[in-house]
Amino acid sequence: MTTFAIIGVAGALGRALAARLDDDPAVTRIVGIDRRTPQMPPAKLDFVRADVRDPVLKRVLGDVDVLVHH
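Since this is a predicted model, take the numbers as computed values, not measurements. (Residues numbered from 1 in each chain as written. Predicted model: local features only at pLDDT ≥ 70, side-chain atom pairs only at ≥ 80, totals over all residues. Heavy atoms only, no water.)

Draft legend 1. Inspection of the pattern of salt bridges at higher detail. With the rule as written, the count across this model stands at four salt bridges. The salt bridge partner of aspartate 63 is arginine 29, with a shortest N-O separation of 3.1 Å. Of this pair, aspartate 63 sits in the loop between α2 (57-60) and β4 (66-69) while arginine 29 is found in strand β2 (residues 27-34), placing the two residues 34 residues apart along the sequence. Taking the relative accessible area as the measure of exposure, arginine 29 reaches 23% and is therefore partly exposed. With its nearest N and O atoms 3.8 Å apart, the salt bridge here joins arginine 35 to aspartate 51. (Salt bridge = Lys/Arg side-chain N within 4 Å of Asp/Glu carboxyl O. Helix = DSSP H or I, 4+ residues; strand = E, 2+ residues; numbered from the N terminus. Buried < 20%, exposed > 50% of the residue type's maximum accessible area, 1.4 Å probe, protein only.)

Draft legend 2. Layout of the sheet that holds strand β1 (residues 2-7). Read across the sheet, four strands follow the order β3-β2-β1-β4 without closing on themselves; strand pairing throughout is parallel. Of all strands in the sheet, those bounded by a partner on one side alone are β3 (45-49) and β4. Geometrically, the sheet is characterised by an average inter-axis angle of 20° between neighbouring strands, direction not taken into account. In terms of strand pairing, β2 meets β3 through five bridges, oriented parallel. (Pairing = 2+ DSSP bridges. Axes fitted to C-alpha atoms, helices over the stretch in contact; angles between N-to-C directions.)

Draft legend 3. Spotlight on the environment of valine 31. With respect to the secondary-structure elements, valine 31 resides in strand β2. Setting aside residues up to four positions removed in sequence, valine 31 forms contacts with Thr3, Phe4, Ala5, Ile6, Leu45, Asp46, Val48, Val60 and Val64. (Contact = heavy atoms within 4.5 Å.)

Draft legend 4. View of the pairing of β1. With five of its six residues buried, β1 lies for the most part within the structure. As paired elements, β1 and β2 share six bridges and run parallel to each other. Counterpart to threonine 2 in the pairing with β2 is valine 27. Where the polypeptide runs from β1 across helix α1 (residues 12-23) and back to β2, its parallel neighbour, the crossover connection is right-handed. Bridge count for β1 against β4 is four bridges, and the pairing is parallel. In the sheet register, isoleucine 6 faces β4, and the bridge partner there is valine 68. (Right-handed = clockwise from strand over helix to strand, strands pointing away.)

Here you go:
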């Protein structure tokens, strides 16, 4: 089982990736990070409103297996 983090999840590419990962049974959790709330968030998404420079991300990314930043 895999946990993904997507920085920029509210953008078009981030939303598309989150939707595909949401359909994958091997993905147990998606951590979405952005300054904007994503439209129609997937079921597996845990959204964090933050800037990529925010030190809170150190705690959020601790158990992530794969990080995607575009």
